[in-house]
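Below are the chains, spelled out letter by letter.
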Amino acid sequence: TTAELEAGFLHTVESDQRIEPRDWMPEGYRRSLIRQIAQHAHSEIIGMQPEGNWLTRAPSLRRKAILMAKVQDEAGHGLYLYSAAETLGADRADLTDALIAGQQKYSSIFNYPALTFADVGVIGWLVDGAAICNQVPLCRSSFGPYGRAMIRVCKEESFHQRQGYELLLTMMKGTEEQRAMVQESVNRWWWPALMMFGPPDDRSPNSAQSMKWKIKRHSNDELRQRFVDMSVPQAQVLGVTFPDPDLAWNAERGSYDFGEPDWQEFTEVVTGRGATSIERIANRRAAHENGGWVREAAIAFAARSDEGAHH
Ligand code: FAQ
C-alpha cells in the first residue's frame, strides 16, 4: 500500500541511507528535487556569463587559462546536474525551454554584471565560496545522484574559490588603483553573495519539508551565518572590508553579527528585474538557437547509425 511505501521511504531517509532513482518516492519529494536540481543546473549554465565576459580581456595567458578552465567547469556542473534531474523523470530539453521562457529560476547572484577584472577574483572568492558553503552539506543529500554529483562539483568549486582569492591577493600587492578596484568590487558583491543562501528561514517556504526529507541539511540562515564567519578572517588577510556597519564579533554567540540584506532587492532580482536579467536569458536563448543545427545533426547521425546496426 502507499502507506507502507511511504513508511519505507521515510525509514530510508531517517536512517541516513540514500534514495535511488528506482526507489518509490512521494510525488512532492520528486517535484521538489527536480525544482532544486534544475534551478541549480540553470545557475551553473547562466553563471558562465558574468566571468565569460572577461575571457577575451584576461590580463595574461596564465589568467586566461585559469579562467577558461573555471568557466568550462561550470558547463560540466550544469550538464552533470541536468543528468541528475533526468534520473527523476525530467527532460533536459524541457528544463532548458522552461529556463529560456522565464518559467524556472536560477541563482539571483548571476543577475549582477562583472564590471572589472577584480570581479573575476571576487566572484571566485565570495560567489564560489558561498556556493561551497551551501553545497558541501548537499553531498549528504538524501537523493543519491544529487549527493554524488555534489562531491565532484565541490572539489572543482574549491579550485575556483582558491583561484579567485589568489588573484585578489596578487592585486592587493599591486598598485593603489588595483587595491581600490578590489575594494570596490567587494562592496558590490558582498550583499548579493549573502542573498545566495535564500530568504530568511521564517520566509523560506520550502525549507521545513526539504530538511525533513534531508534534501537540505541546514537552513538558509545557518549557512549564511557560517559563510559570514568564514569570510571575515579571509577579508582581514586580504586587507579589504565588507560594506556592513553592523558587522561585529559577538563573543557570546561565538559568531559575527551582521546586517539584514535588502530582501526587496532580492525579490526584484529573483522575479527577473535584476540589472542583467534580460541579457542573461537573451544570451542563453541565442546560444540554444544557434546550437539547433548541432542537435539536429546529432539526431540524424544517431538515426543513421541505428539503421547501420540493423544491416
Ligand atoms: N536565487 O524556500 P526557499 C553556482 C527561491 S551556486 C534565486 O528557501 P529552497 C556555482 C527558491 O528557489 C548557485 N532564487 O527555497 C557557480 C524558491 O523558489 P521556488 C546555485 C532563490 O530551495 C559559482 C524561493 O526562492 N546553487 O551556481 C534563491 O529551500 C560561480 C523560496 O526559497 C544552488 O542552486 C536565490 N539565491 O532554498 C557557478 C544550490 N534563494 O522554487 C558559476 C542548491 C531562494 O519555490 C560561477 N540549492 N530562491 O519558486 C539550494 O541549496 C536551495 O535551493 C536554496 C534555496 C538554498 C538556493
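Residues numbered from 1 in each chain as written. Predicted model: local features only at pLDDT ≥ 70, side-chain atom pairs only at ≥ 80, totals over all residues. Heavy atoms only, no water.

Colleague: Hey, could you run me through the environment of S231 in this one?
Modeller: Here S231 lies in helix 10 (residues 220–238). A relative accessible area of 1% places S231 in the buried class. C-alpha of S231 to C-alpha of W125: the two residues are 106 residues apart in sequence and 9.0 Å apart in space. Within polar-contact distance, the side chain of S231 engages the backbone oxygen of F227 at 2.8 Å. (Helix = DSSP H or I, 4+ residues; strand = E, 2+ residues; numbered from the N terminus. Buried < 20%, exposed > 50% of the residue type's maximum accessible area, 1.4 Å probe, protein only. Polar contact = N/O pair within 3.5 Å; in protein donor to acceptor, adjacent residues only side chain to side chain.)

Colleague: Sorry, what's going on with a negative patch on the surface here?
Modeller: Among the surface-exposed residues, E86, D91, D94 and D97 lie close enough to one another that they form a single negatively charged patch. Inspection of the secondary structure puts D91 in the loop between helix 4 (61–86) and helix 5 (92–100). Under the relative-accessibility criterion, D91 is labelled partly exposed at 37%. (Patch = residues over 30% accessible without salt bridge, like charges linked within 9 Å, V, L, I, M, F, W, Y side chains within 5 Å. Areas by Shrake-Rupley, 256 points an atom, 1.4 Å probe, with all protein chains shown as cover. Salt bridge = Lys/Arg side-chain N within 4 Å of Asp/Glu carboxyl O. Lys, Arg positive; Asp, Glu negative; His and termini not counted. Charge placed at Lys NZ, Arg CZ, Asp CG, Glu CD.)

Colleague: Sorry, what's going on with the layout of surface pockets here?
Modeller: Where empty space is left can be seen by rolling a probe of water-molecule size over the atoms. The volume enclosed by the largest pocket comes to roughly 1,100 Å³. Along the walls of the largest pocket sit 49 residues, with Q39, S107, M196, F197 and G198 positioned nearest its centre. Those elements that provide at least two residues to the lining of the largest pocket are helix 2 (27–46), helix 4, helix 6 (117–135), helix 7 (144–172), helix 10 and helix 11 (263–273). Looking at side-chain class alone, the lining of the largest pocket contains 18 nonpolar, 20 polar and 11 charged residues. Here the second largest pocket defines a volume of roughly 480 Å³. Lining the second largest pocket are 15 residues, with I45, L79, R92, R284 and H288 sitting closest to its centre. Secondary-structure elements contributing two or more residues to the lining of the second largest pocket are helix 3 (48–52), helix 4, helix 5 and helix 12 (277–290). Considering every element that reaches the lining of the second largest pocket, the biggest residue donor is helix 12, with 4 residues. Tallied by class, residues from the lining of the second largest pocket come to 7 nonpolar, 5 polar and 3 charged. (1 Å grid on protein atoms, 1.4 Å probe; cavity = no way out; pocket = protein on both sides within 12 Å on 5 of 7 lines; lining within 4 Å. Points joined across faces, edges and corners; volume = space filled by probe spheres on them. Nonpolar A, V, L, I, M, F, W, Y, C, P; charged D, E, K, R; others polar.)

Colleague: Would you take a moment to explain the packing of aromatic side chains for this structure?
Modeller: Centre-to-centre distance and the angle between the planes together describe a pair of aromatic rings. On inspection of all chains with the given rule, the structure shows 12 aromatic pairs. Taken together, W125, Y165, W190, F197, F227 and F242 form an aromatic cluster joined through their ring pairs. Sitting over the ring of W54, R57 keeps its end group 4.2 Å from the ring centre. Stacked on the ring of Y80, the Lys or Arg R152 has its end atom at 5.4 Å from the ring centre. (Phe/Tyr/Trp six-rings, centres within 6.5 Å; stacked < 30°, edge-to-face > 60°. Lys NZ or Arg CZ within 6 Å of the ring centre and 35° of its normal.)

Colleague: Looking at this structure, how should I read the side chain of K70?
Modeller: The residue K70 is located in helix 4 in this model. The class of K70 is buried, set by a relative accessible area of 1%.

Colleague: Can you walk me through the packing of helix 7 against helix 10 in this structure?
Modeller: The angle between the axes and the distance between the axes are what describe a pair of packed helices. Running from N to C, helix 7 and helix 10 point in directions that differ by 30°, and their axes come no closer than 10 Å. Across the interface between the two elements, Q161, Y165, L168, L169 and M172 from helix 7 touch Q234, V237 and L238 from helix 10. A class-by-class count of the residues in the contact of helix 7 with helix 10 yields 6 nonpolar, 2 polar and no charged. (Axes fitted to C-alpha atoms, helices over the stretch in contact; angles between N-to-C directions. Contact = heavy atoms within 4.5 Å.)

Colleague: Before we go on, may I ask you to explain unusual backbone geometry in this structure?
Modeller: Comment: phi is negative for the bulk of residues other than glycine, and the bulk of peptide bonds are trans. In this structure, D16 takes a positive phi of about 60° despite not being glycine. By secondary structure assignment, the location of D16 is in the loop between helix 1 (2–14) and helix 2. Take D16: its relative accessible area is 46%, and that puts it in the partly exposed class. Backbone geometry at K214 places phi at a positive 60°, although glycine is not the residue there. Tracing the sequence through the fold places K214 in the loop between helix 9 (207–212) and helix 10.

Colleague: How should I be thinking about the pattern of salt bridges in this particular structure?
Modeller: Pairing between side chains of opposite charge can happen when their charged atoms approach one another. Throughout the structure, instances matching the rule amount to 18 salt bridges. Among the salt bridges present, the one from E27 reaches R30, with a minimum N-O distance of 3.6 Å. Taken as a pair, E27 and R30 lie in helix 2 at a separation of 3 residues, close to a single helical turn. What makes R30 partly exposed here is its relative accessible area of 21%. Of the charged contacts in the structure, one is a salt bridge between K70 and D128, with a shortest N-O distance of 2.9 Å. With K70 in helix 4 and D128 in helix 6, the pair connects residues that are 58 residues apart, well separated along the chain.

Keep in mind these numbers describe shape, not what the thing actually does.
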